[in-house]
Amino acid sequence: KGGAGLIILEATATSPEGRISYSDSGLWKDGQKEQLKRVIDFCKIFGPRMGIQIAHVGKKASTEPPFLGHRKQGLPFDDPKGWEVVGPSEDNDSIKYFPNNHNTINLDIIE
């Protein structure tokens, strides 16, 4: 037997503005929570613990995804794939949303 003991979903954004690129995973609304739970439940069939790294990248946001082979930093706000870059804040409701809702998606670890 064997396999992974722990799988961590890295850099899961807590708001659309907190993503690194427009293709990043996120968890700031219920529809995303339901889809992520499907992935977590599937992985748990094979035995590992599941964790998540929540993220808000602040001023590093709004870039091209790395799998395109280049890393265009700072897409302009008026670019259809860009957005206004803001830093994380304790006043941001999206950061408060996640800790109160993580148990509903069957996670074992939050980073």
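Note that the structure is a prediction, hence the values are computed from the model and not measured.

Per-residue confidence for the protein chain gives a mean pLDDT of 76; residues scoring 70 or more make up 66%. Looking across the protein chain, the model is least confident in helix α2 (residues 93–101), with a mean pLDDT of 55, and most confident in helix α1 (residues 30–44), with 90.

By the bridge criterion, six bridges tie strand β1 (residues 6–13) to strand β2 (residues 49–55) in an arrangement that is parallel. Looking at β2, one finds that L6 is bridged to R49. Since β1 and β2 lie parallel, the crossover through α1 that links them has a hand, and here it is right-handed.

Right, let's get into the environment of P16. Within the element layout of this structure, P16 appears in the loop between β1 and α1. On the accessibility criterion, P16 (28% relative accessible area) is partly exposed. Along the sequence, P16 and H56 sit 40 residues apart, while their C-alpha atoms lie 9.1 Å from each other.

Another aspect to go through is the nonpolar core. Judged by nonpolar contacts, L9, L27, L36, I40, C43, M50, I52, I105 and L107 together constitute the single largest core of nine residues. For this core, the secondary-structure elements that each account for two or more residues are α1 and β2. For this core, the element with the highest residue contribution is α1, accounting for three residues.

Let us now look at a nonpolar patch on the surface. Taken together, the side chains of L6, I8 and I109 define a hydrophobic patch exposed on the protein surface, amounting to about 220 Å² of accessible area. By relative accessible area, which is 36% here, I8 ends up partly exposed.

Once that is clear, we can look at the environment of I54. Checked against the element boundaries, I54 lands in strand β2. Sequence separation between I54 and A11 is 43 residues, and the spatial gap between their C-alpha atoms is 5.6 Å.

Ordered in space as β1-β2-β3, the three strands form an open sheet in which the pairing is parallel. Unpaired on one side and paired on the other, β1 and β3 (109–110) mark the two borders of the sheet. Where α1 meets the sheet, its contacts fall on β1 and β2, and the angle it forms with β2 comes to roughly 145°.

To continue, consider unusual backbone geometry. Among all residues save glycine, negative phi is the norm, and among peptide bonds the norm is trans. Residue A11 is not a glycine yet carries a positive backbone phi of 45°. Summarising the element assignment, A11 is placed in strand β1. Of note, the phi angle at N106 is positive, near 70°, even though the residue is not glycine.

Criteria and thresholds
- Along each chain, residues carry numbers from 1 onward, in the same order as the chain's sequence is written.
- Only residues with pLDDT of at least 70 are given local features in this predicted model, and only at 80 or more are side-chain atom pairs given and counted; all residues enter the totals for whole chains, interfaces and linings.
- The side-chain quantities take in all heavy atoms of the structure and omit both hydrogens and water.
- A residue's pLDDT is simply how confident the predictor is in it, with values from 0 to 100.
- Going along the chain from the N terminus, every DSSP run of H or I of four or more residues is numbered as a helix, and every run of E of two or more is numbered as a strand.
- Strand pairing is assigned whenever DSSP detects at least two bridges linking the two strands.
- Handedness rule for crossovers: strands pointing away from the viewer, path from the first strand over the helix to the second running clockwise, crossover right-handed.
- Partly exposed residues are those whose accessible area sits between 20% and 50% of the maximum for their type, while under 20% is buried and over 50% is exposed, using a 1.4 Å probe and protein chains only.
- Throughout this description, the term nonpolar core refers to a set of buried Ala, Val, Leu, Ile, Met, Phe, Trp, Tyr and Cys residues connected via side-chain atoms within 4.5 Å.
- The patches described consist of residues with a relative accessible area above 30% and no salt bridge, like charges being joined within 9 Å and nonpolar side chains (Val, Leu, Ile, Met, Phe, Trp, Tyr) within 5 Å.
- Per-residue and other accessible areas follow the Shrake-Rupley method at a 1.4 Å probe size, with only the shown protein chains counted as cover for residues.
- The term salt bridge refers to a pairing of a side-chain nitrogen on Lys or Arg with a carboxyl oxygen on Asp or Glu at a separation within 4 Å.
- Residue contacts are counted whenever heavy atoms from the two residues lie within 4.5 Å of one another.
- Every axis in this analysis is a line fitted to C-alpha atoms, fitted for helices over the stretch in contact. Angles between the N-to-C directions lie between 0 and 180 degrees.

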